[in-house]
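Analysis of the macromolecular model
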Amino acid sequence: MSTSTSAPDATDTLVVRCIRRPRLPFGPCSPEAFEQLRAMTPAERVAALYAGELTYAQCCRWASWRPHEVPRINGEFAYLAAFDEAA
């Protein structure tokens, strides 16, 4: 009987990196913070994400509200996949 082994995929690598702290600050997503998010254009939200101006909670609200707008890295929301190497 032959057994096949597969090479590790990107998910295996991501699991190791998940122990690092995300770059995004943690904090609540108040109604006011969500209104600020809603007032932005999709391009402004993406720019704010990459500039580190959104909190983790804001990103979660954005992903639940407009998941098609949130940038992805290897199929994962960018705010979840982007980790600080120095942490």
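Residues numbered from 1 in each chain as written. Predicted model: local features only at pLDDT ≥ 70, side-chain atom pairs only at ≥ 80, totals over all residues. Heavy atoms only, no water.

We now examine the overall build of the protein chain. Summing up its helical and strand segments, the protein chain has 5 helices and 2 strands in all. Of all 87 residues assigned to the protein chain, the portion counted as buried reaches 28%. Nonlocal contacts in the protein chain, meaning residues at least 24 apart in sequence, comprise 57% of its contacts between residues at least 6 apart. Split by element, the accessible area of the protein chain, about 6,100 Å² in all, is 55% carbon and sulfur. (Helix = DSSP H or I, 4+ residues; strand = E, 2+ residues; numbered from the N terminus. Buried < 20%, exposed > 50% of the residue type's maximum accessible area, 1.4 Å probe, protein only. Contact = heavy atoms within 4.5 Å. Areas by Shrake-Rupley, 256 points an atom, 1.4 Å probe, with all protein chains shown as cover.)

So, about the nonpolar core. Leu 49, Leu 54, Trp 62, Val 70 and Tyr 79 are the most contacted members of the largest nonpolar core, which has 15 residues in total. For this core, the elements supplying multiple residues, two or more each, are α2 (31-39), α3 (42-50), α4 (56-65) and α5 (78-81). For this core, the element with the most residues is α4, which contributes 4 residues. (Core = buried A, V, L, I, M, F, W, Y, C linked by side-chain atoms within 4.5 Å.)

Once that is clear, we can look at the packing of α2 against α4. As a packed pair, α2 and α4 sit with axes 10 Å apart at the nearest point and diverge in direction by 55°. One element, α2, and the other, α4, form an angle in the oblique class. Relative to α4, α2 is oriented so that their crossing is right-handed. Residues Ala 33, Phe 34, Gln 36, Leu 37 and Arg 38 of α2 lie in contact with α4, whose contacting residues are Gln 58, Arg 61, Trp 62 and Trp 65. Its residues assigned to classes, the contact of α2 with α4 comprises 5 nonpolar, 2 polar and 2 charged. (Axes fitted to C-alpha atoms, helices over the stretch in contact; angles between N-to-C directions. Parallel < 35°, antiparallel > 145°, perpendicular 65-115°, else oblique. Left-handed = near helix turned anticlockwise from the far one by under 90°. Nonpolar A, V, L, I, M, F, W, Y, C, P; charged D, E, K, R; others polar.)

According to the stated counting rule, one finds 2 salt bridges in the structure shown. Arg 38 serves as the salt-bridge partner of Glu 35, at 3.4 Å between the closest nitrogen and oxygen. In this pair, Glu 35 and Arg 38 both sit in helix α2, 3 residues apart, roughly one turn of the helix. Since its relative accessible area comes to 44%, Glu 35 is described here as partly exposed. For Arg 38, a relative accessible area of 43% translates into the label partly exposed. (Salt bridge = Lys/Arg side-chain N within 4 Å of Asp/Glu carboxyl O.)

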